[in-house]
Amino acid sequence: MVLLNIPLKRKRFSEFGFGFFALLVLVIVFLFTDSSSKNYFLRPVFDGLKGFRNGYCCQFPPSPIPELSPSIDKNQPREAVFEMGYEGNENGRVVGETNEFNVPQCDKIFRDNGLAKAPTSAQLRNVFGVEGPMYENPEILGSNANGTVTEMTQLGNMSQDIKNVSLTTKPDHSAKDENTQPRAGNGTEKAKSPSHEKIDEKMLVSGYDTECDYFDGRWVRDDTKPYYPPGSCPFVDNSFNCHRNGRPDKGYLKWRWQPHGCDLPSFNANDFLERLRGKSLAFVGDSLNRNMWESLVCILRHSIKNKSSVYEISRRTDYKKQGFYSIRFEEYNCSFDFMFSPFLVQVSMFRGSNGTLETLRLDKMDRAKNYAHADIIVFNTGHWWTHEKTTKGENYYREGDHVYPWLEADEAYRKALTTWARWIDKHINPKRTLIFFRGYSETHFRGGQWNSGGKCHREIEPIFKESYLKDYPTKMKALEDVLRQMRTPAIFLNVTRLTEYRKDGHPSIYRKRLATGKQREPAEQLQDCSHWCLPGIPDAWNALLYAYLLKHLKRR
């Protein structure tokens, strides 16, 4: 039996050796022949192997595919498409390029070339050492003002700095990467992702365009507005409640912001709340951010059947006092908070040789620990920088123990924003927290300022001619410069031009209830042409906020 086994082993070895030799010859012939004579089926295999060696999940057909290999213009703000997978460290900072592409797209390319299904991300990591996506199953993606995920958050005014920068193509809804594509929908479909629901984006977002400049547009009449009936929301400050205070006209409520060239997604309050389930959203800033906070809470509350399940946790009803407020939506286990911090940096007393001074610490954040826990934070500052003490700038601005005898307000504003940006970069993890910064809200005082007889009473229509608008504020240019230098992704809600059209939306004399004609005269001398009636213009800000959440915040 042993002798009989020997010839059989030799025969098997000979067949194997012949097969190996033939395969080796075929490979040598293939490599040394002209590419045009190579077999069309084999070429993708070798190109694909080359791609694996270079760290890509697929590298064919040979011509570039826009979704998979965007070119980055080094002369433009440095941006990276999310599919290129810039890896974040524990602080969410960029540490290297991972070259991880959209696996479903690779599947399609493999199928088109007659090959088996593309390997998964895990297989690529195990076999070829390719790093995975930036964040595993990310809930929040960083973006710039166009909604593009950025390498180092180089962002600015969409209408000026990066309007023509386009590093991504429009979404391919036929093949989406579960880890990278934002979703929108009506909240009725179940999730494929282990932690989020997959939503049919087409059912909720009509004409959705990721390259659209949402802030370049106009106001159009819309009789379906407002989002909630005037006077129906208990969370509106008396000074914003123009309906309760007797404003007779209602035309200012019947307008909708319409971007040029695209449509904003319809605001779906239930979907918004589903995305915030188990989370917290904080507004940090001045009374204009309180304006926005109250607007959002009222829009969302209107969709809740059990209104008693929505309440301020300390049961306070006056939100004008300094401090921290939190309105809870019990059914969704989420909260919407407001932290009054008009400068974002700290107002403090300083004892010097000339006595005790109130100063603004440009190098120190204001009570940041009160909101650092939030999942989404909307910052703003600007309104208080137009007041007399800040514009005058004498013995007011301070860094460390140094009080500036004089400092120009725009320079102080830039320094304060730089302090904010450094704090964000140091303490905020973009894997967990999504950052927004809302731009300056324009005022419409005629004949003076808020404390010198300025008026906006009897304004009942928006401005329609762009030539009547003012120049873009220098402080917003400073904000854009600071945002470009940040490492942490932040989304700029540039509402400045949007608000400048709306001279008709302020409380004016209806900042309080006027019981008699005698009360009207002093009210006309001190009008509010800075804040906004609710319902009103801040509802549009929240519609813009929702549009970006559709891109960057998935549902559970």
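Everything that follows concerns the structure shown earlier in this document.
**Q** I tried to follow unusual backbone geometry on my own but got confused; where do I start?
**A** In most cases, non-glycine residues show a negative phi, while peptide bonds are predominantly trans. Between Lys225 and Pro226 the backbone carries a cis peptide bond, its omega angle lying at 10°. Tracing the sequence through the fold places Pro226 in the loop between strand S3 (217-221) and strand S4 (255-259). Following Leu534, the chain continues into Pro535 via a peptide bond in cis, with omega recorded as 0°. Position of Pro535 among the secondary structure elements: in the loop between helix H12 (520-525) and helix H13 (537-552). You will see that Arg367, though not glycine, has its phi angle at about 45°, which is positive. Along the polypeptide, Arg367 turns up in the loop between strand S10 (355-365) and strand S11 (376-379). Positive phi, normally seen in glycine, also occurs at Arg458, with a value near 70°. Along the chain, Arg458 turns up in the loop between strand S14 (434-438) and helix H10 (474-485).

**Q** Where do I start with the state of the cysteines in this structure?
**A** Summed over all chains, the structure comprises four disulfides. Covalently, Cys212 is tied to Cys262 through a disulfide, its sulfur atoms 1.7 Å apart. The disulfide joining Cys212 to Cys262 has a torsion of about -50° about its S-S bond and is therefore left-handed. Of the two residues, Cys212 sits in the loop between helix H5 (201-204) and S3 while Cys262 sits in the loop between S4 and helix H6 (269-275), which places them 50 residues apart along the sequence. The two residues Cys212 and Cys262 agree in class, both being buried. In this model Cys233 forms its disulfide with Cys298; the gap between the sulfur atoms is 2.0 Å. Here the S-S torsion is close to -80°, and the disulfide linking Cys233 with Cys298 is therefore left-handed. Of this pair, Cys233 sits in the loop between S3 and S4 while Cys298 sits in helix H7 (residues 287-301), placing them 65 residues apart in sequence. Relative accessible area serves as the criterion here: at 7%, Cys233 is assigned to the buried category.

**Q** Sorry if this is basic, but what is going on with the sheet that holds strand S6 (residues 310-312) here?
**A** As a general point, the strands of a sheet are linked pairwise by backbone hydrogen bonds and lie either parallel or antiparallel. Taken together, the seven strands give an open sheet; going across it, the order is S6-S7-S8-S5-S11-S14-S15, and neighbouring strands pair in mixed fashion. Of all strands in the sheet, those bounded by a partner on one side alone are S6 and strand S15 (491-493). Within this sheet the neighbouring strands show an average axis-to-axis angle of 20°, counted without direction. Pairing between strand S5 (residues 280-285) and S11: four bridges, direction parallel. In the sheet register, Leu281 faces S11, and the bridge partner there is Ile376. Strands in contact with H7 are S5, S6, strand S7 (324-329), strand S8 (334-340), S11, S14 and S15; relative to S8, the strand with the most contacts, it is inclined by about 165°. Contacts from H13 reach S5, S11, S14 and S15 within the one sheet, and its direction differs from that of S14 by about 155°.

**Q** Could you clarify how one ought to interpret the packing of aromatic side chains in this entry?
**A** Between two aromatic rings, the relevant description is the distance of the centres plus the angle of the planes. In total, this model carries 25 aromatic pairs according to the counting rule given. With centroids separated by 5.5 Å and ring planes inclined at 65°, the aromatic side chains of Trp219 and Trp257 adopt a geometry described as edge-to-face. Placement of the pair is Trp219 in strand S3 and Trp257 in strand S4, with a sequence separation of 38 residues. One exposure class covers both Trp219 and Trp257, and it is buried. Consider the rings of Tyr371 and Phe379, whose centres lie 5.6 Å apart with planes at 80°: the pair is edge-to-face. Across the pair, Phe379 and Tyr371 agree in class, each one buried. A network of ring pairs unites the aromatic residues Phe340, Phe343, Trp384, Trp385, Tyr396, Tyr397 and Tyr413 as a single cluster. Positioned above the aromatic ring of Tyr252 is the side chain of Arg247, whose terminal nitrogen or guanidinium carbon lies 3.8 Å from the ring centre. Note that Arg502 overlies the ring of Trp219, its terminal NZ or CZ placed 4.6 Å from the centroid.

About the cut-offs
Residues numbered from 1 in each chain as written. Predicted model: local features only at pLDDT ≥ 70, side-chain atom pairs only at ≥ 80, totals over all residues. Heavy atoms only, no water. Helix = DSSP H or I, 4+ residues; strand = E, 2+ residues; numbered from the N terminus. Disulfide = S-S within 2.5 Å. Buried < 20%, exposed > 50% of the residue type's maximum accessible area, 1.4 Å probe, protein only. Pairing = 2+ DSSP bridges. Axes fitted to C-alpha atoms, helices over the stretch in contact; angles between N-to-C directions. Contact = heavy atoms within 4.5 Å. Phe/Tyr/Trp six-rings, centres within 6.5 Å; stacked < 30°, edge-to-face > 60°. Lys NZ or Arg CZ within 6 Å of the ring centre and 35° of its normal.

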